[in-house]
Amino acid sequence: MIELKNINKTYQTSAGTLKALDNVSVNIGAGKAFGFIGLSGAGKSTLLRCVNLLERPDSGKVLVDGEDMMSLPHAALLRRRRKIGMIFQHYNLLANCTVFDNVAFPLSVSHTPKARIKERVEQSLDIVSLSERAGDYPAKLSGGQKQRVAIARAISMDPKILLCDEPTSALDPHTTTVILQYIKRVNSELGITVVLVTHEMEAARAICDVVSVMEHGKLVETIDMSDKSFLPQSDIARHLFCNGAGI
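On a predicted model such as this, the values are computed, not experimentally measured, just so you know.

Engineer: Please explain the overall build of the chain as it appears in this structure.
Structural biologist: Counting its secondary structure elements, the chain contains eight helices and ten strands. For the chain, the C-alpha radius of gyration of 18 Å lies close to 18 Å, the compact-globule estimate for 247 residues. Seen along its three principal axes, the alpha-carbon backbone of the chain occupies a region of about 50 × 45 × 35 Å. Sequence-distant contacts, at least 24 apart, represent 66% of the contacts inside the chain between residues at least 6 apart. When the accessible surface of the chain is summed, it comes to about 11400 Å², and 51% of that surface belongs to carbon and sulfur atoms. Charge separation in the chain, taken as the distance between the mean sites of 29 positive and 26 negative side-chain charges, equals 5 Å.

In structure tokens:
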């Protein structure tokens, strides 16, 4: 489904060259919930954004359904991105638009017929249990409700993949649990491949089938979360897993 091959990415900073990703390779199967976990600066968000080329690697290959994303012309890449939904830590909702219009926005800009827009928005809001808030504006919503709107917007285009960039970092523990349940529902009921970036062990444990641990731009080790006998091999994995209550 998603194959990242030998991904490298550097940035120029005031302190010199920063190697954000160092020869990272990973395979993510269709329908899986896959997590990247690590401390701040590990490179996990940069790697996530390489999947839809919001960040373009300096070298390597990004394959989605066997298609080389980096070789696509701009118009073809935009079309391909429509099947890759994304949610962020801070929701990125349009403050002057209702919940309905926020969810409808990607459908509108892709010239979807109005009847289909209405159908998809209603379906998407139902999945996140927000149908009754369709006419409200974001200012009237809690943080958790805003993130549920963001999930609905991301799935309104019927994507094959949902990229989740620290989606619960700004939320309290109870709301975090609720949001993770909705992301898991998207994965299990709709069959959408979920890729989650987090520094929170409990978030990874809640929804992920497989977790890759990152440190200093490198993929350190990959863990099958169903393997209850797993023992972390690296210092960073031991820190994350043991301090995060294990698997």
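Engineer: Quick question: what am I supposed to make of the pattern of salt bridges here?
Structural biologist: Applying the stated criterion across every chain, the model contains 14 salt bridges. With a closest N to O distance of 3.2 Å, D65 and K160 form a salt bridge. Placement of the pair is D65 in the loop between β4 (59-64) and β5 (67-68) and K160 in the loop between α5 (143-155) and β7 (161-165), with a sequence separation of 95 residues. Classification of K160 by relative accessible area gives partly exposed; the value is 44%. Note that E122 is salt-bridged to K118, the shortest N-O span being 2.5 Å. Of this pair, E122 and K118 both sit in helix α4 (residues 114-127), four residues apart, which is roughly one turn of that helix. Looking at K118, the relative accessible area reads 44%, which means it is partly exposed. One salt-bridge network, in which partners are shared between bridges, spans D65, E67, R80 and K160.

Engineer: When you look at the environment of V64 in this model, what are you seeing that I'm missing?
Structural biologist: For V64, the location among the structural elements is in strand β4. For V64, a relative accessible area of 1% corresponds to the buried category. Leaving out residues up to four positions away in the same chain, V64 has contacts with M1, V51, M69, R80 and I161.

Engineer: Explanation requested: the environment of G31 in the structure shown.
Structural biologist: Position of G31 among the secondary structure elements: in the loop between β2 (16-28) and β3 (33-37). The class of G31 is partly exposed, set by a relative accessible area of 31%. A sequence separation of 161 residues divides G31 from I192, and the C-alpha atoms of the two residues are 5.5 Å apart. Discounting chain neighbours no more than four positions away, the residues touching G31 are N187, G191 and T193.

Engineer: Explanation requested: the sheet that holds β2 in the structure shown.
Structural biologist: Strand pairing in a sheet takes place through backbone hydrogen bonds and is either antiparallel or parallel in direction. Reading across the sheet, the four strands line up as β2-β1-β4-β5 and stay open at both edges, with antiparallel pairing between neighbours. The sheet is open, and its two borders are formed by β2 and β5, each paired with just one other strand. Strand direction decides the pairing type here: strand β1 (residues 2-13) and β2, joined by nine bridges, are antiparallel. Residue pairing in the sheet places L4 in a bridge with V26 of β2. In the packing of helix α1 (residues 44-51) onto the sheet, contacts are made with β1, β2 and β4, and the angle to β1 comes to roughly 125 degrees.

Engineer: Any chance you could explain the sheet that holds strand β10 (residues 218-224) here in plain terms?
Structural biologist: Reading across from one edge, β6-β7-β8-β3-β9-β10 is the order of the six strands in this open sheet, with mixed pairing throughout. Each end of this open sheet is capped by a strand with a single partner; those strands are β6 (84-87) and β10. Each adjacent strand pair in this sheet contributes to an overall mean axis angle of 20 degrees, direction not counted. Across six bridges, the pairing between strand β9 (residues 210-215) and β10 is antiparallel. The residue of β10 that forms the bridge with M214 is L219. Along the sheet, helix α6 (residues 173-190) contacts β3, β6, β7 and β8 (193-198); its crossing angle with β8, the most-contacted strand, is approximately 155 degrees.

Engineer: I keep staring at the side chain of R133 and nothing clicks. Help me out?
Structural biologist: Examined against the element boundaries, R133 turns out to sit in the loop between α4 and α5. Judged by its relative accessible area of 17%, R133 falls in the buried class. At a separation of 2.4 Å, a polar atom in the side chain of R133 contacts the side chain of D136. The contacts of R133, once residues within four sequence positions are left out, are V99, K140, L141 and Q145.

Parameters at a glance
Residues numbered from 1 in each chain as written. Predicted model: local features only at pLDDT ≥ 70, side-chain atom pairs only at ≥ 80, totals over all residues. Heavy atoms only, no water. Helix = DSSP H or I, 4+ residues; strand = E, 2+ residues; numbered from the N terminus. Rg over C-alpha atoms; globule rule 2.2 N^0.38 Å. Contact = heavy atoms within 4.5 Å. Areas by Shrake-Rupley, 256 points an atom, 1.4 Å probe, with all protein chains shown as cover. Lys, Arg positive; Asp, Glu negative; His and termini not counted. Charge placed at Lys NZ, Arg CZ, Asp CG, Glu CD. Salt bridge = Lys/Arg side-chain N within 4 Å of Asp/Glu carboxyl O. Buried < 20%, exposed > 50% of the residue type's maximum accessible area, 1.4 Å probe, protein only. Pairing = 2+ DSSP bridges. Axes fitted to C-alpha atoms, helices over the stretch in contact; angles between N-to-C directions. Polar contact = N/O pair within 3.5 Å; in protein donor to acceptor, adjacent residues only side chain to side chain.

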